[in-house]
Amino acid sequence: MPADSAPRDFDLVVLGATGFTGELTAAYLAEHAPAGLRWALAGRNPDKLQAVRDRLAKIDPSLGELPLLEADSSDAASLRALAEATKVVVTTVGPYLEHGEPLVAACAAAGTDYVDLTGEPEFVDRMYVAHHDAAVASGARIVHACGFDSIPHDLGAWFTVQQLRSGDPITLRGVVRAGAMASGGTFHSAMGAMSRARQMREAMVARRKKEGRPAGRRSRAVAGKPHRDRTLGLWLLPMPTIDPFVVARSGAALESYGPDFRYSHYAGLKTLRYTIGGAVAVSGLLVAAQVKPIRNLLKSRVPQGEGPSEQRRATSWFTVDFVGESAGRTVHTRVSGGDPGYTETAKMLAESAMCLVLDDNPTTSGQVTTATAMAENLLARLQRAGMRFEVV
């Protein structure tokens, strides 16, 4: 927090706590927040907030008095009051392109740290152009993509770069595999992004013009091609997600990524047949997203705010393998955990918020990535919480 900031009533507030992922995040805090952490729940429906608090009180009876705050993403005054009352705001209210900007603006103005779950590149780029300077001036850290998009990829890439410890150019590829149900919020965000290719490109160009490039260095997200990976024994299919952009921005911000850093991002599949099928499915979704009635039909089949049962989540898993190459040396690392879309995402979001408010992180401000803002501390937190970062 800025040295001259006024005392805050809370350390951390969860906005969107009545949604599926929001309540999972609150439940994680109920089980793992340290004694003395001053936190609260926020949302637009007091009755639903009360119901969430009642369920949390079954985990920890002391939470029966957890503060409840009314705030609505369409009410700028309520968001301003919320941002001024806390050190960190956690928000699960998406799609962020529709609902997210007023809260980012409020946090940037108030010097309040902000974390979310967005996987929407256009939203992130527009927030950088509109609010990065204000956040730098106030000391706020605006940290997007603090769930499965994009912590395993961003911190996994950082972890791999630390193993290489190279002053030479680094080429890195990340390969994702998962056995889990897709998040409804993620699906809606993806369909929205695919329907806005022109606007997404415009936002990216505007950001590049404002942001510039690191002096004397390069860091790039490189679109790969489908191919067989001999190191991993998998077929690789490029993934059109936000993750490679996040990794490349960490590479641009941190000199440890070397003078020329290149990152490519893939899904890993065991057979060529599944690879071809995956490519056809992605292409079909891209086409469907351009036709509004079809897009809306598909979105109605995957509702937001609902998720799989606890039993289903308990059997879900993910891995992200990284292969880094520099100066003739190759390093293979892996990040792995449980249910990526819900259980692990709630964990990553909650631990990110606690890391910002409780840990001695590097001095940063403005829109920053998780690796830039808190890599070492957050990685240690996630390891203690059961996620694995290992050299294979």
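A short tour of the structure in this document, coming up.

Calculation notes
- Residues numbered from 1 in each chain as written.
- Predicted model: local features only at pLDDT ≥ 70, side-chain atom pairs only at ≥ 80, totals over all residues.
- Heavy atoms only, no water.
- Helix = DSSP H or I, 4+ residues; strand = E, 2+ residues; numbered from the N terminus.
- Rg over C-alpha atoms; globule rule 2.2 N^0.38 Å.
- Buried < 20%, exposed > 50% of the residue type's maximum accessible area, 1.4 Å probe, protein only.
- Contact = heavy atoms within 4.5 Å.
- Areas by Shrake-Rupley, 256 points an atom, 1.4 Å probe, with all protein chains shown as cover.
- Lys, Arg positive; Asp, Glu negative; His and termini not counted.
- Charge placed at Lys NZ, Arg CZ, Asp CG, Glu CD.
- Salt bridge = Lys/Arg side-chain N within 4 Å of Asp/Glu carboxyl O.
- Pairing = 2+ DSSP bridges.
- Axes fitted to C-alpha atoms, helices over the stretch in contact; angles between N-to-C directions.
- Polar contact = N/O pair within 3.5 Å; in protein donor to acceptor, adjacent residues only side chain to side chain.
- Core = buried A, V, L, I, M, F, W, Y, C linked by side-chain atoms within 4.5 Å.

## Re the overall build of the protein chain
Looking only at helices and strands, one finds 15 helices and 15 strands in the protein chain. In terms of overall size, the protein chain behaves like a compact globule, its C-alpha atoms giving a radius of gyration of 20 Å where 392 residues would be expected to give roughly 21 Å. The buried share of the protein chain, reckoned over its 392 residues, is 51%. Contacts in the protein chain between residues at least 24 apart in sequence constitute 79% of all its contacts with a sequence separation of at least 6. Carbon and sulfur atoms form 52% of the exposed surface of the protein chain, whose accessible area is close to 17500 Å². In the protein chain, 44 side chains carry a positive charge and 41 a negative one; their mean positions are 9 Å apart.

## Some thoughts on the pattern of salt bridges
Evaluated as defined, the whole model comprises 20 salt bridges. One salt bridge connects Arg38 with Asp11, and the closest N-O pair in it is separated by 2.9 Å. Here Arg38 is found in the loop between α1 (20–32) and β2 (39–43), whereas its partner Asp11 is found in strand β1 (residues 10–15), with 27 residues between them in sequence. Residue classification places Arg38 among the partly exposed positions, given a relative accessible area of 33%. The exposure class assigned to Asp11 is buried, which follows from its relative accessible area of 8%. In this structure, the salt-bridge partner of Arg173 is Glu325, at a minimum N-O distance of 3.8 Å.

## Focus: the sheet that holds β1
Here 7 strands make up an open sheet; going across it, the order is β3-β2-β1-β4-β5-β6-β14 and the pairing parallel. Strands at the two margins of the open sheet, each flanked by one partner only, are β3 (68–70) and β14 (366–367). Pairing between β2 and β3: 3 bridges, direction parallel. Among the inter-strand pairings, Ala42 is bridged to a residue of β3, identified as Leu69. Docked against the sheet, helix α5 (residues 101–110) engages β1, β4 (86–91), β5 (113–116) and β6 (141–143), running at close to 155° with respect to β5.

## Observations concerning the environment of Thr345
Within the secondary structure, Thr345 is located in helix α14 (residues 343–358). Its relative accessible area of 6% is what places Thr345 among the buried residues. Along the sequence, Thr345 and Leu24 sit 321 residues apart, while their C-alpha atoms lie 9.0 Å from each other. Contact partners of Thr345, with chain neighbours within four places excluded, come to Thr21, Leu117, Cys146, Gly147, Phe148, Asp339 and Pro340. At 2.6 Å, the side chain of Thr345 forms a polar contact with the backbone oxygen of Pro340.

## A few points about the nonpolar core
Counting residues in hydrophobic clusters, the biggest one holds 88 residues, and the most contacted among them are Trp39, Leu41, Leu56 and Leu155. Here this core gets 8 residues from one element, more than from any other, and that element is α14. Those residues in contact with Leu155, other than ones at most four positions away along the chain, are Thr370, Ala371, Ala375, Leu378, Leu379, Leu382 and Phe389. Listed in part, the 6 residues of the second largest apolar core include Val175, Leu232, Leu234 and Tyr266.

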